[in-house]
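Secondary and tertiary structure notes
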Amino acid sequence: MLGRTALNRGITAHRLSKNVTFYVNELASPVSRRQTKASEDNKPFILMMPWLGSRPQALAKYCEIYFRTGFDVLVVETEVKEFLWPRWGLDHGKRLLGLLNSERFVSRPLLVHAFSIGGYTFSQLLVHMSKDTQKYQELTKRIKGQVYDSLVIGSLETMAVGLGKTVFPRLEILVKHASLLYFDMFKRQTVDYFNMTINAFWNSPVTTPALFFFCENDPLSDAQALEELIDFWQKRGINVTAKKWEDSTHAGHLKKHPQDYLTTLDMFLHSLHITPLKAKM
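Figured I'd write up the structure that's included with this text. For every chain, the first residue of its written sequence is number 1, and the numbers climb from 1 along that sequence. At least 70 in pLDDT is required for a residue's local features to be given in this predicted model, at least 80 for side-chain atom pairs to be given and counted, and no such filter applies to totals for whole chains, interfaces and linings, which use all residues. Hydrogens and water molecules were not included; the side-chain quantities draw on all heavy atoms of the structure.

**Let's talk about the packing of aromatic side chains**
Here the distance between the centres and the angle between the planes together describe a pair of aromatic rings. The criterion, for reference: Each pair of aromatic rings taken from Phe, Tyr and Trp, with Trp reduced to its six-membered ring, is defined by centres within 6.5 Å and is described as stacked if the planes are under 30 degrees apart, edge-to-face if over 60, and tilted in the remaining cases. Each helix is a run of DSSP H or I of at least 4 residues and each strand a run of E of at least 2, with the numbering of both proceeding from the N terminus. Only protein chains enter the calculation, and the probe is 1.4 Å; a residue is then buried if its accessible area is under 20% of its type maximum, exposed if over 50%, and partly exposed in between.
Tallied over the full model, the rule gives 18 aromatic pairs. Aromatic pair F22 and F45: ring centres 6.4 Å apart, planes at 85°, arrangement edge-to-face. With F22 in strand β2 (residues 20-25) and F45 in strand β3 (residues 45-49), the pair connects residues that are 23 residues apart, well separated along the chain. One exposure class covers both F22 and F45, and it is buried. Taken together, the ring pairs connect W51, Y62, F115, F213, W245 and Y261 into an aromatic cluster.

Written as structure tokens, this is what we have:
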């Protein structure tokens, strides 16, 4: 959960489950009681999916961006086990879809903001949505935009490197080789599921505008592979905005390039016309 600093400024935290927390922005609440129910039912929110091992202080900086413009934020964290055993990840994705279709959220538009392996978590939702497009048709329509920061993309080795760097940085090389061995031994339970998830992302049923933040020197995100994905999406008719730096840090672009990051995100949000408040970032 976020620190008290953010919560003391009119943000209320609701722990919905072990890895899911909903931050309600009281500052943007309707002033009239008569308007409250209707306004809350249609108020857009952010579905935020952080990187593995994200710290509350770091995540709070991103949440604060959206708090300032009136959004509520639903934070869904990923556990390593959901990546190492994708079947569990798919189960987690199905539970999250149930939450997004629950009474609390069912009529509310949303924007997805996923970091690093959080993009993989969102892909788990896309697998289910692709298999039953009719069931999730209304949810698909409610997703008004998608932001991907440092999306983990590339080879299986890229995924293994990502595990080492984010979960066990002191044992990075050992974890990388152990992960590759594990993926080879349990190919049907891991690699085959990864391929299904990757396919669901490339052919995503969500075709709303997308924004990608990435850099050329990220060992966890192959810039060339990402540009191929962007090109593929654009040919599908998806409006894609890309912000690339020659030198930056995985899931750390905001810290390294704050002005660029905020300006690009601000322009993207304004293009979607869903910002609850007109305050600037």
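Having put the structure on the table, let's press on.
**Side note on the environment of S271**
Where we set the bar: Polar contact is the term for a pair of N or O atoms within 3.5 Å; when the atoms are in protein, one must be able to donate a hydrogen and the other to accept it, and sequence-neighboring residues count only if both atoms are side-chain atoms.
Along the chain, S271 falls in helix α13 (residues 258-272). Using a relative accessible area of 44% as the deciding quantity, one classes S271 as partly exposed. Through-space distance from the C-alpha of S271 to that of P209 is 9.1 Å; in sequence the pair is 62 residues apart. In this structure the side chain of S271 is engaged in a polar contact, spanning 2.5 Å, whose partner is the backbone oxygen of F268.

**Section: the packing of helix α5 (residues 86-100) against helix α6 (residues 118-131)**
How we decide: Axis definition: a line fitted to C-alpha atoms, over the contacting stretch in the case of helices. Angles run 0 to 180 degrees between N-to-C directions. An angle below 35 degrees is read as roughly parallel, one above 145 as roughly antiparallel, one from 65 to 115 as roughly perpendicular, and any other as oblique. A contact between two residues is defined here by any heavy atoms of the two lying within 4.5 Å. Following the grouping adopted for this structure description, the nonpolar residues are Ala, Val, Leu, Ile, Met, Phe, Trp, Tyr, Cys and Pro, the charged ones are Asp, Glu, Lys and Arg, and the polar ones are all others, Gly among them.
Relative to each other, α5 and α6 sit at 75°, their axes nearing to 8 Å. One element, α5, and the other, α6, form an angle in the roughly perpendicular class. The segment α5 lies against α6, with P86, G89, L90, H92, G93, K94, L96, L97 and L100 engaging Y120, T121, Q124, L125, V127, H128 and M129. Along the lines of polarity and charge, the residues of the contact of α5 with α6 split into 9 nonpolar, 6 polar and 1 charged.

**Some points on the pattern of salt bridges**
Any two side chains of opposite charge can pair if their charged atoms end up close together. Test applied: Salt bridges are identified by distance alone: a Lys or Arg side-chain nitrogen within 4 Å of an Asp or Glu carboxyl oxygen.
Summed over the entire model, instances satisfying the criterion amount to 9 salt bridges. For K18, the salt bridge is made with E79, and the minimal N-O distance between the two is 3.3 Å. Of this pair, K18 sits in the loop between β1 (11-17) and β2 while E79 sits in the loop between β4 (72-76) and α4 (80-84), and the two are 61 residues apart along the sequence. Under the relative-accessibility criterion, K18 is labelled exposed at 59%. In this structure, D260 engages K243 in a salt bridge whose closest nitrogen and oxygen atoms are separated by 3.7 Å. Taken as a pair, D260 in helix α13 and K243 in strand β8 (residues 240-245) lie far apart in primary sequence, 17 residues in all.

**Comments concerning the sheet that holds β3**
To be explicit about the condition: Pairing between two strands is assigned when DSSP locates at least 2 bridges connecting them.
If you trace the 8 strands from one edge of the open sheet to the other, you get β1-β2-β4-β3-β5-β6-β7-β8, paired in mixed fashion. Each of the sheet's edge strands pairs with one partner strand only, and the pair in question is β1 and β8. Averaged over all neighbouring strand pairs, the angle between strand axes comes to 15°, with direction disregarded. Those strands touched by α5 are β1, β2, β3 and β4, and its axis lies near 160° from that of β4. Together, β3, β5 (110-115) and β6 (143-149) form the strand contacts of α6, whose direction differs from that of β5 by roughly 130°.

**Some points on the pairing of strand β7 (residues 210-215)**
Burial within β7 is extensive, with 6 of its 6 residues counted as buried. Every second residue of β7 is oriented toward a common face, with A210, F212 and F214 on one face and L211, F213 and C215 on the other, all of them buried. Where β6 meets β7, 4 bridges bridge the pair, whose relative direction is parallel. Bridged to Y148 within β7 is F212. Where β7 meets β8, 6 bridges bridge the pair, whose relative direction is parallel. Bridge pairing links F212 to A242 in β8.

**So, the side chain of H128**
Along the chain, H128 turns up in helix α6. Judged by its relative accessible area of 12%, H128 is buried. If we skip the residues at most four places from it in the chain, H128 touches L90, G93, K94, L97 and Y136.

**Some points on the side chain of T275**
Among the secondary structure elements, T275 is positioned in the segment after α13. Under the relative-accessibility criterion, T275 is labelled buried at 14%. Beyond its immediate stretch of four places on either side in the chain, T275 contacts T69, F71 and L269.

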